[in-house]
Amino acid sequence: MIKKIAIGADHAGVEYKLLLVQYLESKGYEIVNVGTDSTDAVDYPIYAKKVCEEVASGRVDTGILICGTGIGMSMMANKQKGIRAAVCGDTKSAEFTRLHNDANVLCMGARIISFDLCERITEIFLDTNFMGGKHKIRIDMFE
Ligand code: RB5
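Residues numbered from 1 in each chain as written. Predicted model: local features only at pLDDT ≥ 70, side-chain atom pairs only at ≥ 80, totals over all residues. Heavy atoms only, no water.

Participant: What is the right way to look at the pattern of salt bridges in this model?
Facilitator: When their charged atoms lie close together, side chains carrying opposite charge are able to pair. Going through the model one piece at a time under the given rule, you end up with 8 salt bridges. A salt bridge links Lys17 to Asp37; the nearest nitrogen and oxygen atoms lie 2.6 Å apart. Taken together, the positions of Lys17 in helix α1 (residues 14–26) and Asp37 in the loop between β2 (30–33) and α2 (44–57) put the pair 20 residues apart, joining distant regions of the chain. One network of salt bridges, in which partners are shared, links Arg84, Arg98 and Asp102. (Salt bridge = Lys/Arg side-chain N within 4 Å of Asp/Glu carboxyl O. Helix = DSSP H or I, 4+ residues; strand = E, 2+ residues; numbered from the N terminus.)

Below, the structure is given as structure tokens:
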């Protein structure tokens, strides 16, 4: 069960990130917020790396990254060892990337989806468990 979440954003995602932190804390999750916390322009790979370090070390159960599109964050995240990051812009992708890919980092684009959808995608991502079995054999091929 997911209890502890690392979350990061760049300037394009900071507004959603701060709202999501409030929402997740109200649901009882423990949050490690790696920044950024202002709208001053920053480089998203820095925050992607920080969140991935938390996830890969096992200090948190999962990670969330928000930038303008979610794409840059996911590209950087997927270069980090042990990370399976998925950009989700719909709830079905969020469900299936947990069921089949055991994704451990959720990436979203604040310039792409509404905050309501971002919240819903996050809920489903956090509440869905990996199926294992043949899907475990497949994700083991990533390493
Ligand atoms: C920042 O302008 C933007 O490039 C970034 O937030 C993200 O969308 C990159 O993939």
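Moving on from the model shown.
Participant: Where do I start with the sheet that holds β2 in this structure?
Facilitator: Within a sheet, neighbouring strands are paired by backbone hydrogen bonds and run either parallel or antiparallel to one another. Judged by pairing direction, the sheet is parallel, and its 5 strands sit side by side in the order β2-β1-β3-β5-β4 without closing on themselves. In this open sheet, the two strands that pair with only one neighbour each are β2 and β4 (85–87). Shown here is a sheet whose adjacent strand axes are inclined to one another by a mean of 20°, direction ignored. Across 5 bridges, strand β1 (residues 4–9) lies against strand β3 (residues 62–67) in parallel orientation. Residue pairing for β3: Ala6 is matched across the bridge by Gly63. Packing of helix α5 (residues 115–127) onto the sheet brings it into contact with β1, β3 and β5 (105–109), and relative to β5 it is tilted by some 170°. (Pairing = 2+ DSSP bridges. Axes fitted to C-alpha atoms, helices over the stretch in contact; angles between N-to-C directions. Contact = heavy atoms within 4.5 Å.)

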